[in-house]
Amino acid sequence: MADPVERAALADDLMWTASRQRSAFRGIRAAAIRQALDGGSTTDELARRMRVTEADVAWMADHPVATLRVASTTSRRAVRIA
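Summarised in this report is the structure supplied together with it. Being a predicted model, the structure only gives us computed values, none of them experimental.

### Description of the overall build of the protein
Link 1 in the chain: Helix and strand content of the protein: four helices and zero strands.
Link 2 in the chain: Each helix and strand of the protein, ordered N terminal to C terminal, gives the series α-α-α-α.
Link 3 in the chain: Taken across its 82 residues, the protein has 27% of its residues classed as buried.
Link 4 in the chain: Long-range pairs, those at least 24 residues apart, make up 55% of the contacts in the protein with a sequence separation of at least 6.
Link 5 in the chain: Counting every atom, the protein has about 6,300 Å² of accessible surface; 54% of that belongs to carbon and sulfur.

Below, the structure written as structure tokens:
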């Protein structure tokens, strides 16, 4: 999809489906929003086309992917039993 605003809107819509790719869609949406803004689109235009507020657009562009804490796995040393 060539138009970054349409790509952002579609990715946003797909995020709210029962998809396992939500993080990927969030990243696509953020990249498309930044591309649209760099290309001269305004936050007002993006907000109208995506059906969100201008504050939402700013947040989406700045927060591309949610980060989850991952429990670290400690390596265990093998113990020799004689």
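### Remarks on the packing of helix H1 (residues 4-15) against helix H3 (residues 43-50)
Link 1 in the chain: Packing of H1 against H3 leaves a shortest axis separation of 9 Å and a crossing angle of 45°. Viewed along their axes, H1 and H3 adopt a mutual orientation that is oblique. Note on packing geometry: the crossing formed by H1 with H3 is right-handed. Side by side, H1 and H3 meet where Val 5, Glu 6, Ala 8, Ala 9 and Asp 12 of the first sit next to Leu 46, Arg 49 and Met 50 of the second.

### Description of unusual backbone geometry
Link 1 in the chain: One non-glycine residue, Arg 51, lies in positive phi territory at about 60°.
Link 2 in the chain: With respect to the element layout, Arg 51 can be found in the loop between H3 and helix H4 (54-62).
Link 3 in the chain: Classification of Arg 51 as exposed rests on a relative accessible area of 61%.

Calculation criteria
- Residues numbered from 1 in each chain as written.
- Predicted model: local features only at pLDDT ≥ 70, side-chain atom pairs only at ≥ 80, totals over all residues.
- Heavy atoms only, no water.
- Helix = DSSP H or I, 4+ residues; strand = E, 2+ residues; numbered from the N terminus.
- Buried < 20%, exposed > 50% of the residue type's maximum accessible area, 1.4 Å probe, protein only.
- Contact = heavy atoms within 4.5 Å.
- Areas by Shrake-Rupley, 256 points an atom, 1.4 Å probe, with all protein chains shown as cover.
- Axes fitted to C-alpha atoms, helices over the stretch in contact; angles between N-to-C directions.
- Parallel < 35°, antiparallel > 145°, perpendicular 65-115°, else oblique.
- Left-handed = near helix turned anticlockwise from the far one by under 90°.

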